[in-house]
Amino acid sequence: DQQVKQNSPSLSVQEGRISILNCDYTNSMFDYFLWYKKYPAEGPTFLISISSIKDKNEDGRFTVFLNKSAKHLSLHIVPSQPGDSAVYFCAASAHAGANSKLTFGKGITLSVRP
Amino acid sequence: DVKVTQSSRYLVKRTGEKVFLECVQDMDHENMFWYRQDPGLGLRLIYFSYDVKMKEKGDIPEGYSVSREKKERFSLILESASTNQTSMYLCASSLLRLASEQYFGPGTRLTVT
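Residues numbered from 1 in each chain as written. Chains lettered and ligands numbered in written order. Predicted model: local features only at pLDDT ≥ 70, side-chain atom pairs only at ≥ 80, totals over all residues. Heavy atoms only, no water.

Considering the interface of chain B and chain A
Then, in step 1: Listed as interface residues are 26 residues of chain B and, on the opposing side, 21 residues of chain A.
Then, in step 2: Our count for the contact surface shared by chain B and chain A stands at 1 salt bridge.
Then, in step 3: Between Lys101(A) and Asp59(B) there is a salt bridge whose closest N-O contact spans 3.3 Å.
Then, in step 4: Run the count over chain B and chain A and you get 4 residue pairs in polar contact (both at pLDDT 80 or more).
Then, in step 5: Contributions of two or more residues to the side of chain B that touches chain A are made by strand E4 (31-38), strand E5 (42-49) and strand E9 (87-94) of chain B.
Then, in step 6: Class assignment for the residues of the side of chain B that touches chain A results in 13 nonpolar, 8 polar and 5 charged. (Contact = heavy atoms within 4.5 Å. Salt bridge = Lys/Arg side-chain N within 4 Å of Asp/Glu carboxyl O. Polar contact = N/O pair within 3.5 Å; in protein donor to acceptor, adjacent residues only side chain to side chain. Helix = DSSP H or I, 4+ residues; strand = E, 2+ residues; numbered from the N terminus. Nonpolar A, V, L, I, M, F, W, Y, C, P; charged D, E, K, R; others polar.)

Structure representation (structure tokens):
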């Protein structure tokens, strides 16, 4: 049973416009959420995170929004740049657990057109 | 900067061979993880370790084992490689037991023929 869902496998946006990547989760014990970015032939790199005590976290062009009641989070990239083209993974963890295991979604491939 | 290194970027092995994938981190992190990444399936956790000589099964441990004899090194072992273990293998580490941010190595593309 997939606990972290990224239902759209791909997204294409024009350079300079906003990219919105969505993620849904089913486990109500999740209280910490992360986004990772992955280029081909490289390992994922951490992008931004949010704790369940917040509903928004911003870092430069990247903002993550969390809607706990809907069990939904989204990553906004404004403005989008061609270098943002990559696979984006949403991940979640339950800090109440005994370890820092992450559960990942399947990923979304973002293409930013020049 | 945290550095996680993996012994090989590309590896080709034959069915039935024993395969060792090595991972080393240089930041004294407590936790280490092995994932595999397959198209359409995302990252799936194979095994993880939160201390030397400790290991816990992830979501897909079948066909794999691990070894953590030293804090900085975490090895993934395929006892008898099979073609369905052809995949990208990613190692990661995190600082504290309850910290969630993980740092990944570059990955090993394993092909089993």
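Structure's up, so let's keep going.
Re the sheet that holds strand E7 (residues 64-70) of chain B
Residues and elements named next belong to chain B.
Then, in step 1: Taken in spatial order, the 4 strands of this open sheet run E1-E3-E8-E7, and their pairing is antiparallel. Pairing within the sheet leaves two strands with one partner each, and these edge strands are strand E1 (4-6) and E7. Across the sheet, the axes of successive neighbouring strands diverge by a mean angle of 20 degrees, strand direction being ignored.
Then, in step 2: Here E7 runs beside strand E8 (residues 73-78); their pairing, made up of 5 bridges, is antiparallel. Within E8, the residue paired with Val66 across the bridge is Leu76. (Pairing = 2+ DSSP bridges. Axes fitted to C-alpha atoms, helices over the stretch in contact; angles between N-to-C directions.)

Side note on a nonpolar patch on the surface
Then, in step 1: Judged by side-chain polarity, Ile18(A), Ile20(A) and Val78(A) come together as a nonpolar surface patch covering roughly 220 Å² of accessible area.
Then, in step 2: Mapped onto the elements, Ile18(A) comes out in the loop between strand E2 (10-14) and strand E3 (19-25). (Patch = residues over 30% accessible without salt bridge, like charges linked within 9 Å, V, L, I, M, F, W, Y side chains within 5 Å. Areas by Shrake-Rupley, 256 points an atom, 1.4 Å probe, with all protein chains shown as cover.)

Don't take any of this as a statement about function, it's just geometry.
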